[in-house]
Amino acid sequence: MLMTNYQTILYYCYSPIADAEQFAADHLAFCKSLNLTGRIIVADEGLNGTVSGTKESCEAYMEAVHADARFAKTEFKIDDVAEPSFIKMHCRYKAEIVHSGLRDPNIINPNKQTGKHLEPTEFQKMIHDDDVVVLDVRSNYEHNLGKFKNAITLDIENFREFPDKIEELEQFKGKKILTYCTGGIKCEKASALLLHHGFENVYQLHGGIIKYGKEAGGEDFEGKCYVFDNRIAVDVNKVNPTVVSKCYNCGTVTPKMINCANPECNEHVTQCDACGEKLLGCCSETCVSNPRRRPYDGTGYYVKVPQQVKVPMK
Ligand SMILES: [Zn+2]
Ligand SMILES: [Zn+2]
């Protein structure tokens, strides 16, 4: 029997925070007082986090967030897990809660204008319509592991490259654009930007793939969903599941994703167990020979090692 005494909760909330830097420091102390682990980003525009801990801690945390009028509407996606999904607790102030490079709230402000939210079951029905284009706004390492059937994907390594791809989407201007991402946060900005560029029928999957998995059985999602914690990937589809990702090294179909064991590379790659053993969890022979290579325990997940910034000249 799988013991699930812990929970991992994912959420975001676009809501202005005055003195967000101070808020981040206070919030970190609060999370630590609850013995939570996780990663939270605080910005002037809101909050974005994944935290993990005992059910009691998670409940106390959610209650406290909801008790703050600024975040009363926050939706939490809750997963029961066997162990905490993080080792440490981080809560940091950044310029944006999701890095898009679009910092001017006069142009992109999800609190003012964003794509129409579709609930999972509405999205599920609409994706089969002829006048619909399903757009994955996530990065390569994410959609390579899994995506909606027939979705358009973008060749981007990071969401901040999304604005440069709008031009490629011009051909779909007459159609209904349905955007989706992991938990919904990127879509708030992606759909707002599409509207800003004159796309008229823009929709977004409310709560992202994670909520869709819970409320629509994950139907027509192919492969797994990449997540930003030590689970790396989670199952979504309980209706018609498939594996779509191929081992980066040998091409065998595999659902497994790792971080390269070489901390200077740390690349996200799909890798089968056989190649993982052979390459000691590295993406390439070059990485295997790196002297800082981390021991591979079969999961491909590593606690972040602080990177050396400057290498002294010899
Ligand atoms: Zn392989
Ligand atoms: Zn590597």
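Everything discussed here concerns the structure shown above.
Rules behind the numbers
Residues numbered from 1 in each chain as written. Chains lettered and ligands numbered in written order. Predicted model: local features only at pLDDT ≥ 70, side-chain atom pairs only at ≥ 80, totals over all residues. Heavy atoms only, no water. Helix = DSSP H or I, 4+ residues; strand = E, 2+ residues; numbered from the N terminus. Rg over C-alpha atoms; globule rule 2.2 N^0.38 Å. Buried < 20%, exposed > 50% of the residue type's maximum accessible area, 1.4 Å probe, protein only. Contact = heavy atoms within 4.5 Å. Disulfide = S-S within 2.5 Å. Donors = N, O, S within 2.8 Å, 3.2 Å for Na, K, Ca; no water. Tetrahedral: all angles 85-135°; square planar, octahedral: opposite > 155°, others 65-115°. Pairing = 2+ DSSP bridges. Axes fitted to C-alpha atoms, helices over the stretch in contact; angles between N-to-C directions. Phe/Tyr/Trp six-rings, centres within 6.5 Å; stacked < 30°, edge-to-face > 60°.

**Remarks on the overall build of the protein**
Within the protein, the secondary structure is distributed over eight helices and 15 strands. For 314 residues, the compact-globule estimate of 2.2 N^0.38 gives 20 Å, and the C-alpha radius of gyration of the protein, at 20 Å, lies within 12% of that figure. Referenced to the eigenvectors of the C-alpha coordinate spread, the extents of the protein come out at roughly 55 × 55 × 45 Å. Counting only residues that meet the buried cut, the protein has 51% of its 314 residues in that class.

**So, the environment of Phe23**
When you line up the elements, Phe23 lands in helix H1 (residues 20-33). The exposure class of Phe23 is buried, given its relative accessible area of 14%. Put simply, Phe23 and Val244 are 221 residues apart on the chain and 42 Å apart in space, counted from C-alpha to C-alpha. Setting aside residues up to four positions removed in sequence, Phe23 forms contacts with Ile17, Val42, Leu47, Asp68, Arg70 and Phe71.

**Notes on the state of the cysteines**
Think of a disulfide as a covalent bridge from one cysteine sulfur atom to another cysteine sulfur atom. A complete count under the given rule lists zero disulfides for this structure. Between Cys282, a cysteine without a disulfide, and Cys260, which holds the nearest cysteine sulfur, the sulfur-to-sulfur distance is 4.4 Å. With a relative accessible area of 0%, Cys282 lands in the buried category.

**Remarks on helix H6 (residues 208-215)**
Most of H6 is tucked away: six of the eight residues are buried. When H6 is considered as a whole, its buried residues turn out to be Gly208, Ile209, Ile210, Lys211, Tyr212 and Gly213.

**Observations regarding the coordination of the zinc ion (ligand 2)**
Note on the zinc ion (ligand 2): its protein donors are Cys260 (SG), Cys265 (SG), Cys283 (SG) and Cys287 (SG). The metal-donor distances range over 2.3 to 2.4 Å. Coordination geometry of the zinc ion (ligand 2): the four donor atoms subtend angles of 104 to 115 degrees at the metal centre, consistent with an arrangement described as tetrahedral. Each donor residue of the zinc ion (ligand 2) belongs to the same chain, with the gaps between them written as C-x4-C-x17-C-x3-C. Pair noted here: Cys265 is in the loop between strand S14 (257-259) and strand S15 (268-270) and Cys287 is in helix H8 (residues 285-288), with a separation of 22 residues, a long-range link. Exposure remark for Cys265: the relative accessible area of 26% places this residue in the partly exposed category. Owing to a relative accessible area of 7%, Cys287 belongs among the buried residues under this scheme.

**Notes on the side chain of Thr182**
Along the chain, the position of Thr182 falls in the loop between strand S9 (176-180) and helix H5 (185-196). Here Thr182 is in contact with Arg138, Glu142, Gly207, Gly208, Ile209, Ile210, Cys225, Tyr226 and Phe228, once residues within four sequence places are set aside.

**What to know about the sheet that holds S9**
An order of S6-S10-S9-S7 is seen for the four strands of this open sheet, with the pairing classed as parallel. Bordering the open sheet on either side are strand S6 (116-118) and strand S7 (132-136), each of which pairs with just one other strand. Direction aside, neighbouring strands of the sheet carry axes that sit 30 degrees apart on average. Here S7 runs beside S9; their pairing, made up of five bridges, is parallel. What sits directly across from Val134, in S9, is Leu178. Against the sheet, H5 engages S6, S7, S9 and strand S10 (202-205), with an angle of about 175 degrees to S10.

**Examining the coordination of the zinc ion (ligand 1)**
Each protein donor to the zinc ion (ligand 1) is listed here as Cys247 (SG), Cys250 (SG), Cys272 (SG) and Cys275 (SG); together their distances run 2.3 Å. Sequence positions of the donors to the zinc ion (ligand 1) reduce to the motif C-x2-C-x21-C-x2-C. Summarising the burial analysis for this pair, Cys272 and Cys275 share the class buried.

**Considering the packing of aromatic side chains**
Aromatic ring pairs are described here by two measures, namely the spacing of the ring centres and the angle between the planes. Within the structure shown, the criterion is met by 14 aromatic pairs. Geometrically, the ring pair formed by Tyr11 and Phe76 is tilted, given 5.1 Å between the ring centres and 55 degrees between the ring planes. Placement of Tyr11 in strand S1 (residues 6-14) and of Phe76 in the loop between helix H2 (55-67) and strand S4 (77-81) is noted, with a sequence separation of 65 residues between them. For the residue pair Tyr11 and Phe76, the accessibility class agrees, reading buried in each case. Judged by centre distance (4.7 Å) and plane angle (85 degrees), the ring pair of Phe148 and Tyr180 falls under edge-to-face. You can see Phe148 sitting in strand S8 (residues 146-148) and its partner Tyr180 sitting in strand S9, a full 32 residues away along the chain.

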